[in-house]
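Listed here are the chains, written in short residue letters.
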Amino acid sequence: AWIFFGGPCMALGHDKQGRPIHLQRAGVASGKRMAEACAYFGREWQQAFMSRNIFFQELQAARMEDATQRFGHLVTQQVVIMDMAGMSFRPDQRALTIFRDFAGMMSRNYPETLYKQFIINAPRVFSAIWRI
């Protein structure tokens with residue numbers, strides 16, 4: 001197993017079927033921090049954020065190709081673990097805009113690559129909202 005660290009993203013090993021495991025430390029890149037960085041650095045920071053995530057998804061695609069060869073069957077999806085430790089639930093409109101752009105980019109360019117997503121270290125309020 002190998003690890004690649006890219007800011008709030010980390011590529012870990014593979015599950016039993018060969019799907020690469022991807023850790024997203026969403027709490028580290030919380031909405032407030034993102035909004036503050038975007039306000040300070042401007043549009044260039046937002047573009048850098050998107051570019052870094054595109055790079056990471058391309059890395060995951062390469063890991064899927066590698067896993068296809070190593071495991072002897074087609075691997076086209078990944079497992080994502082989202083660590084929400086430190087996440088704020090007071091959304092900042094600027095951060096929501098960045099997240100919306102990010103989600104749109106992911107659905108347009110990397111459709112159906114998510115096998116399962118696990119959410120860990122979520123605050124209690126998240127559990128209450130998730131049940132609704």
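Above: the structure in question.
Because the structure is predicted, anything quoted here is derived from the model rather than measured.

Participant: Got a minute to help me understand the overall build of the protein in this structure?
Facilitator: From N to C terminus, the protein includes 4 helices and 5 strands. Listing each helix as α and each strand as β along the protein from the N terminus yields β-β-β-α-α-β-α-β-α. Across the 132 residues that make up the protein, the buried fraction comes to 40%. Put simply, of all contacts in the protein between residues at least 6 apart along the chain, 74% involve residues at least 24 apart. About 8300 Å² of surface is accessible on the protein, with carbon and sulfur atoms providing 58% of the total.

Participant: I tried to follow helix 2 (residues 43–71) on my own but got confused; where do I start?
Facilitator: Along an α-helix, residues three or four positions apart point the same way, because every turn accommodates 3.6 residues. Look at helix 2: 41 Å from first C-alpha to last across 29 residues, which is about the 42 Å you get at 1.5 Å a residue. Just past helix 2, the residue Gly72 takes up positive phi, approximately 80°.

Participant: Help me out: how do you make sense of the environment of Ala26 in this one?
Facilitator: Mapped onto the elements of the fold, Ala26 is located in the loop between strand 3 (20–24) and helix 1 (31–41). Exposure remark for Ala26: the relative accessible area of 14% places this residue in the buried category. Taking C-alpha positions, Ala26 is 6.3 Å from Met82, a pair spaced 56 residues apart along the chain. If near-sequence neighbours (up to four positions away) are discounted, Ala26 is found in contact with Met82, Asp83 and Met87.

Participant: Any chance you could explain the packing of aromatic side chains here in plain terms?
Facilitator: Applying the stated criterion to the full structure yields 0 aromatic pairs. Arg19 extends its terminal NZ or CZ atom over the ring of Tyr115, reaching a point 3.4 Å from the ring centre.

Participant: How should the nonpolar core be read in this particular structure?
Facilitator: It is characteristic of soluble globular proteins that their nonpolar side chains tend to be buried jointly. The biggest cluster of nonpolar side chains holds 8 residues, and these are Trp45, Phe49, Met50, Ile98, Phe102, Met105, Met106 and Tyr110. Secondary structure elements with two or more residues in this core: helix 2 and helix 3 (93–109). Broken down by element, the residue count for this core peaks at 4 residues, all from helix 3. Setting aside residues up to four positions removed in sequence, Met50 forms contacts with Asp101, Phe102 and Met105.

Participant: Is there a simple way to think about unusual backbone geometry in this case?
Facilitator: Backbone geometry follows two general trends: most residues other than glycine have a negative phi, and most peptide bonds adopt the trans configuration. Phi at Glu112 is positive, roughly 60°, even though this residue is not glycine. Classification of Glu112 by relative accessible area gives exposed; the value is 71%. Phi at Asn121 is positive, roughly 55°, even though this residue is not glycine.

Participant: Help me out: how do you make sense of the side chain of Gln24 in this one?
Facilitator: Along the polypeptide, Gln24 turns up in strand 3. When near neighbours in sequence (up to four residues on either side) are disregarded, Gln24 contacts Pro8, Val80, Ile81, Met82, Asp83 and Gln117.

Participant: Can you walk me through the pairing of strand 2 (residues 9–14) in this structure?
Facilitator: One face of the sheet, then the other: side chains in a regular strand alternate in exactly this way. Of all the 6 residues making up strand 2, 5 are buried; the element is thus mostly covered by neighbouring parts of the structure. Two strands pair when backbone bridges link them, and strand 2 and strand 3 are joined in this way by 4 bridges, in the antiparallel orientation. Residue His14 lies in a different strand from strand 3, and its bridge partner there is Pro20.

Participant: Hey, could you run me through the pattern of salt bridges in this one?
Facilitator: Pairing between side chains becomes possible if they bear opposite charge and their charged atoms approach one another. Applying the stated rule across the entire model yields 2 salt bridges. Asp15 is the salt-bridge partner of Arg19, the closest N and O atoms lying 2.8 Å from each other. Of the two residues, Arg19 and Asp15, neither departs from the other in class, the shared state being buried. Asp66 serves as the salt-bridge partner of Arg70, at 3.0 Å between the closest nitrogen and oxygen. Of this pair, Arg70 and Asp66 both sit in helix 2, separated by 4 residues, roughly a single helical turn. By relative accessible area, which is 32% here, Asp66 ends up partly exposed.

Cut-offs used in this document
The numbering scheme is per chain: residues are counted from 1 as the chain's sequence reads. Confidence filtering applies because this is a predicted model: local features only for residues at pLDDT of at least 70, side-chain atom pairs given and counted only at 80 or more, and all residues used for totals across whole chains, interfaces and linings. With hydrogens and water set aside, each side-chain value is computed from the structure's full complement of heavy atoms. Strands here mean DSSP runs of E at least two residues long; helices mean DSSP runs of H or I at least four residues long; both are numbered from the N terminus. When a residue's accessible area, from a 1.4 Å probe over protein chains only, is under 20% of the maximum for its type it is buried; when over 50% it is exposed; and in between it is partly exposed. Only heavy atoms matter for contacts: two residues are in contact if any of them lie within 4.5 Å across the pair. The Shrake-Rupley method, run with a 1.4 Å probe sphere, supplies the accessible areas, and residue values consider only the shown protein chains as cover. Each helix should span, by expectation, one fewer than its residue count multiplied by 1.5 Å. Planes of paired rings set the category: under 30 degrees apart is stacked, over 60 is edge-to-face and the rest tilted, where pairs are Phe, Tyr or Trp rings (Trp by its six-membered ring) whose centres lie within 6.5 Å. A positively charged side chain is recorded as over a ring if its NZ (Lys) or CZ (Arg) lies within 6 Å of the ring centre. The angle to the ring normal must also be within 35 degrees. Only buried Ala, Val, Leu, Ile, Met, Phe, Trp, Tyr and Cys residues count toward a nonpolar core, and they belong to the same one when joined by side-chain atoms within 4.5 Å. Whether two strands pair comes down to DSSP finding at least two bridges between them. A pair is scored as a salt bridge if a Lys or Arg side-chain nitrogen falls within 4 Å of a carboxyl oxygen belonging to Asp or Glu.

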